[in-house]
Protein chains: 2
Amino acid sequence: MACKYKTLIRRGWSLLRPCSFGRTALQCPRQLCATDIKRITTSWIRTDASHSDISNSTSGKNIFSLRTHSCGELCSTHIGREVTLYGWVQYVRQDLFVILRDFSGLVQILIPQDESKRVLRKTLFELPLESVVMVRGKVQPRPKGQENKAMFTGEIEVHADSLEVINKCRKLPFEIKDFVKKSEALRMQYRYLDLRSSQMQYNLRVRSRLVMKMREYLCNLHGFVDVETPTLFKRTPGGAKEFVVPSGEPGKFYSLPQSPQQFKQLLMVAGIDRYFQMARCYRDEGSKPDRQPEFTQVDIEMSFVDQAGIQALVEGLVQSSWPEDKGAVSTPFPSMSYEEAMRDYGVDKPDTRFAMKLVDVSEAFGNTEIQFLRNALQQSGGCVLAICVPDGSKHLKGKDLEALKETAKTQFNQDVSVVQVRPDGSLKSPLTRLLSDAARLQLLQMAGASAGDLVLLAAGTRDSVRPLLGKLRLQCADQLESHGILLRDPSVFHFLWVVDFPLFLPKEDHPEQLESAHHPFTAPVPEDTHLLYSEPHKVRGQHYDLVLNGCEIGGGSIRIHSASEQRHVLQTILQEDISLLTHLLEALDSGAPPHGGIALGLDRLISIIVGAPSIRDVIAFPKSFRGHDLMSRAPDFVSEEELKPYHIKVTWPEGDK
Amino acid sequence: MACKYKTLIRRGWSLLRPCSFGRTALQCPRQLCATDIKRITTSWIRTDASHSDISNSTSGKNIFSLRTHSCGELCSTHIGREVTLYGWVQYVRQDLFVILRDFSGLVQILIPQDESKRVLRKTLFELPLESVVMVRGKVQPRPKGQENKAMFTGEIEVHADSLEVINKCRKLPFEIKDFVKKSEALRMQYRYLDLRSSQMQYNLRVRSRLVMKMREYLCNLHGFVDVETPTLFKRTPGGAKEFVVPSGEPGKFYSLPQSPQQFKQLLMVAGIDRYFQMARCYRDEGSKPDRQPEFTQVDIEMSFVDQAGIQALVEGLVQSSWPEDKGAVSTPFPSMSYEEAMRDYGVDKPDTRFAMKLVDVSEAFGNTEIQFLRNALQQSGGCVLAICVPDGSKHLKGKDLEALKETAKTQFNQDVSVVQVRPDGSLKSPLTRLLSDAARLQLLQMAGASAGDLVLLAAGTRDSVRPLLGKLRLQCADQLESHGILLRDPSVFHFLWVVDFPLFLPKEDHPEQLESAHHPFTAPVPEDTHLLYSEPHKVRGQHYDLVLNGCEIGGGSIRIHSASEQRHVLQTILQEDISLLTHLLEALDSGAPPHGGIALGLDRLISIIVGAPSIRDVIAFPKSFRGHDLMSRAPDFVSEEELKPYHIKVTWPEGDK
């Protein structure tokens, strides 16, 4: 066995790299001192704005490997060093240079021009791009004036002594260049090529690093226990979005859970005190564009904690795991009640990066003669709301305004009135001639509108108008940005807590019945507990959502820990069949501690951080929006024979197969 | 929002605990210096031999919480401190003390005896055990002579000022005491109570900690990228052990993969360079006693690496993550060829903690008149093998010997001859009278047997006798241990690499055809590559198994990176339908780097480390051996209606339902 180590040492792990940890790590990685660990952890990924050099410097990334160095780490401190590199041929330049790429970046290889190396030269220049080669040579400074400052390795080049072709590449369906646009279907089918792009390499590495820092924060700093919970579980009654998994027993199925909610609560009853898991969750939603049938959530639960405690924990978690190249996150995050969010932004996940808030302008129409406004104001909860789009008259064209009206009509079955404020302050709108001068002034003042702005007005009940204007607010922002007005700086991150949600909402089909706004395990806010038994619709829940740039990236609550209260909620208020949750009720009766938690959507969080348009860009092997794996062609047909052990058979729709 | 922090600070996070990181972590956990992190990481779990005090000392385990301290951390340095504790009533002593328990251990609470606290006393002493309470009070030294040295908190007690009952416990199905034996079914049904035992708390925490250290080693020290791969995948043709998951498209199914093998190789083609994942894997094996339908493997793959590199990586991984209370692991691990393992131990995963090796004693029977031995020796590959059980004659009784013969008969359809060496050196065996004195002496000498020992003899072909004696060797060890002879010290850990496996084996039903010994992606050892095209049955694979105390805890290989070689193996040697692996073959043709990896069975590894009899003891919510979740009663019936969207229907066996 000793000879194995001789090989490794002969390969030069410790001798060739004075700043490496090769030898030490070989003997016992534990002996690295804390400062070393810190240095490695913080230095392992270094990106510049273009992501073109994801290069590492001194790290244990070459140990155990056939290479002595990685391409992207070479710089002037390596001059004179003999190196062995392995990588992909990125491109060939002037029949003189090969640009070699590996995970860490690019390096320029100078091909020897002397006659003795003719065969080597020929091999190389005939080699298809993306072939894998090994290069041995010496690091040298580039000739004066030929340095490339935009490249981390731009001060040096490697003068090749020998070169070996390891694996020749066939003609590829697309080039591995960031600027070459590929269709999503092609990217998915050849995902292993798509992942070679520097953007995808960056995305996956940022994800890995962020998850690691979260774990360090939770496990090492705060005593959380990483517990794996089953994904083959019992079906939730009515859990229409749960995949089923046939078992070997006739008629019996497992189910892939949408979250480890029950398990995390049971772990608190079990005295685990602090639990977390990067939990794989499943949701069968058919064809939703930016959803995946399997996704990952940062799942957290704590005992003996209140809402403030969980919020502070999560703020620290986000802050400590945030990628360094994305600037610092400041805490605490601002907080807003559900009522405020709906009132000011018309949505429970406000994008607070820009204003354009909803304003109640009912007062301006107190004595209006405009019929539809009068009607609206006369009904219970009726109001006229407005948003003011700064410079909206200047930038938004007829087509934009039509699109806004179209949205109102098709998605909300409502009308929206457009009021343009001309440069001279006069109004352009079908409503104007019915408005008194006073009302006109009052409207502009209340909406905060001035010359060049655009005011959108909608009237009706509060609950119908708010979501409409909330939606139009975002649509206007998109429109303004499409005209070159930057409203939402992609380098700016706005975190927001939304709290004080109602615990129950009227069921859509049966408004006289209540359903949980989030889930039936959420505890009421203490002041409202007594209302559970008298006016449950008025109870606020100890639920909190975490919103980032207008996307919900997490949600959680303090849970009910009293079995009798839980039974009351399930049985009396929600009218559920509690026999299906016996084990949970028994658990609450067995000395359950007060507890609460949260789940963060990891895929969504990372996609916002890296600025990806879809969560598919931060998942190594995502499914298409129809749930297909385009590379392996899953899901696929399974023979009748193979289904027999599971006692199931396919019911083909008529006319099929 | 600021008020949230005021609450936290008012709660005394920074003021009450001079050695805590409360305040700092609250402001910015990132600002902790490296030494602090080291201190926290290494100190967070401290166990003594009995596991009865899993206590932590100074850590961030109380921040964000309603408590000021955890029970098990209190010691004489806290004397005089006002504390707020939350926990479970473990027991009540002499109507004077309550022993309070939380995740960190136990602490003694002294109940005030003055008249004013009469109600409090009454409440407390009437409270069922395992109820959850809050205690406020002051830490005081125990009176002289009343200290409990066996308990971490044994020098102090908390003099309670106030106490609040948070959640009353019902009568439980069993007591939460380590010495109370419970049936496995009861433990599984009330898993949330079973997990309160100090052993289960220890197991889950050791697991979490070990996984964390593995991640630090892989991610922080060696540049591995943690990549999640899908668990909804395409069914492997003939993958009889794969669960199927019906999709919304008629007749089409996903499959839950047995390992991320294809994905990890594709990630290497994608240039990820170093990948790892704590991967959830699925295997439908019906009712195997110590298997779980879902399990976790430490899944690793590297590019530009050879066998020695992977082995060194894994040795460092195990060494750096090994629990401190289990002693140090020394590396490198010894290595043994498959041929040696079979020859000396009769099995490919030898337990090297004890000797009792197989010995070829054919020579002693060169001229034997014993018919069955003669017959055996005359066939091709025939031999007589023996193992010598030290003191076997002294300890093993008639019943034991019968059991050995029974095993040989029922499991191997073979005979085993028992030779007892009497204290005077004479032999007791049916064979003796047919043995010459010379043969007798030679046998004893070759087998290394002396007075009091037992020799087991079996004859036949090498390939049939080795596994038989390999099995009997282990059975003898069990028998000796049941008689009180310690052969395998539970605190001793023997790691072993087994290498040089054959790449192909004859198919059991069609010995003229070959199948992969492990999987079809394993590369041949370089010296044997040419044999692939002439004598494939002679090719050794670059496969390596990691064995710990006679259990296979991991296996891996260097993979084939040449598309043409992979095609030859699949199509010509294994006669597989390669159309199902088109994507992998295309990937190998697209500039695939040389690569290799390994997968370690995490559940098995942890269970050996903590000395658990079953992997169910290191999994929070395991399935029963029939694959049932006894707590929630999964799998369960699903209505015909709910199956409709998946276009499947149950085929009930006759007479059922």
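One UniProt comment on chain A, placed under Sequence similarities (unreviewed entry), says "Belongs to the class-II aminoacyl-tRNA synthetase family. Type 1 subfamily."

Novice: Requested: an account of the overall build of chain A, with residues and values cited.
Specialist: The number of helices and strands found in chain A is 19 helices and 24 strands. Within chain A, the fraction of its 657 residues that count as buried is 59%. Put simply, 66% of the contacts in chain A that link residues at least 6 apart link residues at least 24 apart. When the accessible surface of chain A is split by element, carbon and sulfur atoms take 52% of a total near 26200 Å².

Novice: Give a description of the relation of the copies chain A and chain B that names residues and reports values.
Specialist: Screw-axis analysis of chain A against chain B gives a translation of 0.0 Å along the axis, an RMSD of 0.1 Å, and a rotation angle of 180 degrees. Put plainly, the chains are arranged around a two-fold axis. When the interface residues of chain A are mapped onto chain B, 100% of them are again interface residues, pointing to one common binding face.

Novice: Describe helix 18 (residues 602-610) of chain B, naming the residues involved and giving the relevant values.
Specialist: All names here are of chain B. Taking burial as the measure, the nine residues of helix 18 include eight buried ones, the bulk of the element. Looking at helix 18, one finds that the buried residues are Leu602, Asp603, Leu605, Ile606, Ser607, Ile608, Ile609 and Val610. Check the buried side of helix 18 and you find it contacts helix 7 (198-221), strand 10 (294-303), strand 20 (543-548), strand 21 (551-558) and strand 22 (595-601). Note on helix 18: the residue one or two positions beyond its end, glycine 611, has a positive phi of about 70 degrees.

Novice: Please give an account of the nonpolar core that cites residues and values.
Specialist: Within the largest apolar cluster, 120 residues are counted, with the highest numbers of intra-cluster contacts made by Ile300(A), Trp322(A), Phe495(A), Ile300(B), Trp322(B) and Phe495(B). The contact partners of Ile300(B), leaving out residues within four places of it in the chain, are Leu218(B), Phe224(B), Lys264(B), Tyr275(B), Phe276(B), Leu313(B), Leu317(B), Arg559(B), Gly597(B) and Ile598(B).

Novice: An account of the side chain of Ser337(B) is needed here, citing residue identities and associated values.
Specialist: All names here are of chain B. Within the secondary structure, serine 337 sits in strand 11 (residues 335-337). Since its relative accessible area comes to 15%, serine 337 is described here as buried. Serine 337 has contacts with Val498, Val499 and Asp500, leaving out every residue within four places of it along the chain.

Novice: Please set out the sheet that holds strand 4 (residues 132-141) of chain B residue by residue, giving values where relevant.
Specialist: Residues and elements named next belong to chain B. As summarised here, the arrangement of the five strands in space is 1-2-3-5-4, forming a closed barrel in which the pairing is mixed. Pairs of neighbouring strands in the sheet enclose a mean axial angle of 55 degrees, with direction left out of account. Bridge count between strand 1 (residues 82-93) and strand 2 (residues 97-102): five bridges; the pairing is antiparallel. In the strand pairing of strand 2, arginine 93 is matched with phenylalanine 97.

Novice: Account for the packing of helix 7 of chain B against helix 18 of chain B, with residues named and values stated.
Specialist: All names here are of chain B. For the pair helix 7 and helix 18, interaxial distance at closest approach is 10 Å and the crossing angle is 125 degrees. Our classification of the angle between helix 7 and helix 18 gives oblique. For helix 7 against helix 18, the interelement crossing comes out right-handed. Judged by residue contacts, Gln199, Tyr202, Asn203, Val206, Arg207, Leu210, Val211 and Met214 of helix 7 engage Leu602, Asp603, Leu605, Ile606, Ile609 and Val610 from helix 18.

Novice: Please provide a residue-by-residue account of the pairing of strand 5 (residues 156-167) of chain A, values included.
Specialist: All names here are of chain A. Direction of pairing for strand 3 (residues 105-110) relative to strand 5: parallel, over a ladder of two bridges. Looking across to strand 5, one finds that leucine 110 is bridged to histidine 159. Both strand 4 (residues 132-141) and strand 5 contribute to a ladder of ten bridges, which runs antiparallel. In the sheet register, valine 139 faces strand 5, and the bridge partner there is valine 158.

Novice: I'd like to hear about the interface of chain A and chain B, residue by residue, with values.
Specialist: Counting from both sides, the interface comprises 160 residues of chain A and, opposite them, 160 residues of chain B. Buried surface at the junction of chain A and chain B, both sides included, amounts to about 14000 Å², of which 59% is carbon and sulfur. Where chain A packs against chain B, one counts ten salt bridges. Of the charged contacts, one joins Arg207(A) and Glu228(B) as a salt bridge, the two residues approaching to 2.7 Å between their closest N and O atoms. Class assignment of the residues belonging to the side of chain A that touches chain B gives a composition of 83 nonpolar, 38 polar and 39 charged. By the bridge criterion, two bridges tie strand 23 (residues 636-637) of chain A to strand 8 (residues 252-255) of chain B in an arrangement that is antiparallel. The residue of strand 8 of chain B that forms the bridge with Asp636(A) is Phe253(B).

Novice: Explain the packing of helix 10 (residues 338-345) of chain A against helix 15 (residues 462-482) of chain A residue by residue, including any values.
Specialist: All names here are of chain A. Two elements in contact, helix 10 and helix 15, have axes separated by 8 Å at closest approach and are oriented at 65 degrees. Of the residues in helix 15, those touching helix 10 at Glu339, Met342, Arg343 and Tyr345 are Arg466, Gly470 and Arg473. For the contact of helix 10 with helix 15, the residue count by class is two nonpolar, one polar and four charged.

Novice: Can you tell me about helix 8 (residues 261-269) of chain A, naming the residues and giving the values?
Specialist: Taken across its nine residues, helix 8 of chain A has nine buried, putting it largely inside the fold. Contact partners of the buried residues in helix 8 of chain A: strand 9 (274-282), strand 10 (294-303), helix 17 (582-588) and strand 22 (595-601) of chain A together with strand 1 and helix 6 (191-194) of chain B. Two residues or fewer past helix 8 of chain A, Gly271(A) is found with a positive phi of approximately 80 degrees.

Novice: Describe the side chain of Glu565(A), naming the residues involved and giving the relevant values.
Specialist: Residues and elements named next belong to chain A. Here glutamate 565 lies in helix 16 (residues 563-573). In this structure glutamate 565 is buried but unpaired, with arginine 567 as the nearest side chain of opposite charge at 12 Å. Aside from chain neighbours lying at most four places away, what touches glutamate 565 is Pro524, Thr529, Leu532, Tyr533 and Ile560.

Novice: Would you mind going over the packing of aromatic side chains in detail, with residue names and values included?
Specialist: Counting across every chain of the model gives 26 aromatic pairs over all chains. Judged by centre distance (6.2 Å) and plane angle (90 degrees), the ring pair of Tyr254(A) and Phe243(B) falls under edge-to-face. In this pair, Tyr254(A) is assigned in strand 8 (residues 252-255) and Phe243(B) in the loop between strand 6 (225-226) and strand 7 (244-246), connecting two distinct chains. The burial state of Tyr254(A) is the same as that of Phe243(B); both residues are buried. Judged by centre distance (4.8 Å) and plane angle (50 degrees), the ring pair of Phe263(A) and Phe621(B) falls under tilted. With Phe263(A) in helix 8 and Phe621(B) in the loop between helix 18 and strand 23 (636-637), the pair connects residues from two separate chains. Taking the relative accessible area as the measure of exposure, Phe263(A) reaches 2% and is therefore buried. Residue class for Phe621(B) comes out buried when judged on its relative accessible area of 4%. Members of the aromatic cluster, joined through ring pairs, are Trp322(A), Phe333(A), Phe493(A), Phe495(A), Trp497(A) and Tyr544(A).

Novice: An account of unusual backbone geometry is requested, with residue identities and associated values reported.
Specialist: Residue Pro635(A) follows Ala634(A) across a cis peptide bond; omega there is -5 degrees. Note that Pro635(A) resides in the loop between helix 18 (602-610) and strand 23. Phi is positive for Asn413(A), which is not a glycine, with a value near 55 degrees. Among the structural elements, Asn413(A) can be located in the loop between helix 13 (398-412) and strand 14 (417-421). Overall, Asn413(A) belongs to the exposed group, its relative accessible area being 63%. Backbone geometry places Asp95(B), a non-glycine residue, at a positive phi of 50 degrees. Summarising the element assignment, Asp95(B) is placed in the loop between strand 1 and strand 2. On the accessibility criterion, Asp95(B) (52% relative accessible area) is exposed.

Novice: Run through the pattern of salt bridges, naming residues and quoting values.
Specialist: Taken as a whole and assessed by the stated rule, the structure comprises 80 salt bridges over all chains. The salt bridge partner of Arg280(A) is Glu228(B), with a shortest N-O separation of 3.3 Å. Of the two residues, Arg280(A) is situated in strand 9 and Glu228(B) in the loop between strand 6 and strand 7; the pairing between them involves two chains. Residue Arg280(A) is classed as buried on the basis of its relative accessible area, which comes to 18%. Note on Glu228(B): relative accessible area 21%, which makes it partly exposed. Three or more residues are tied together by salt bridges with common partners; here these are Arg207(A), Arg280(A), Glu294(A), Asp603(A), Lys623(A) and Glu228(B).

Novice: Please give an account of the sheet that holds strand 22 of chain B that cites residues and values.
Specialist: All names here are of chain B. Sheet architecture is open: eight strands sit in the order 6-9-10-22-21-20-17-11, paired in mixed fashion. Both edges of this open sheet fall to strand 6 and strand 11, since each of them pairs with a single strand only. Relative to strand 22, strand 21 runs antiparallel, the two sharing five bridges. In the strand pairing of strand 22, isoleucine 558 is matched with glycine 596.

Reading the values: the criteria
- Residues numbered from 1 in each chain as written.
- Chains lettered and ligands numbered in written order.
- Predicted model: local features only at pLDDT ≥ 70, side-chain atom pairs only at ≥ 80, totals over all residues.
- Heavy atoms only, no water.
- UniProt positions renumbered as here; feature names shortened; annotations may be inferred.
- Helix = DSSP H or I, 4+ residues; strand = E, 2+ residues; numbered from the N terminus.
- Buried < 20%, exposed > 50% of the residue type's maximum accessible area, 1.4 Å probe, protein only.
- Contact = heavy atoms within 4.5 Å.
- Areas by Shrake-Rupley, 256 points an atom, 1.4 Å probe, with all protein chains shown as cover.
- Least-squares fit on C-alpha atoms with pLDDT ≥ 70 in both.
- Core = buried A, V, L, I, M, F, W, Y, C linked by side-chain atoms within 4.5 Å.
- Pairing = 2+ DSSP bridges.
- Axes fitted to C-alpha atoms, helices over the stretch in contact; angles between N-to-C directions.
- Parallel < 35°, antiparallel > 145°, perpendicular 65-115°, else oblique.
- Left-handed = near helix turned anticlockwise from the far one by under 90°.
- Buried area = accessible area lost by both parts, 1.4 Å probe.
- Salt bridge = Lys/Arg side-chain N within 4 Å of Asp/Glu carboxyl O.
- Nonpolar A, V, L, I, M, F, W, Y, C, P; charged D, E, K, R; others polar.
- Lys, Arg positive; Asp, Glu negative; His and termini not counted.
- Phe/Tyr/Trp six-rings, centres within 6.5 Å; stacked < 30°, edge-to-face > 60°.

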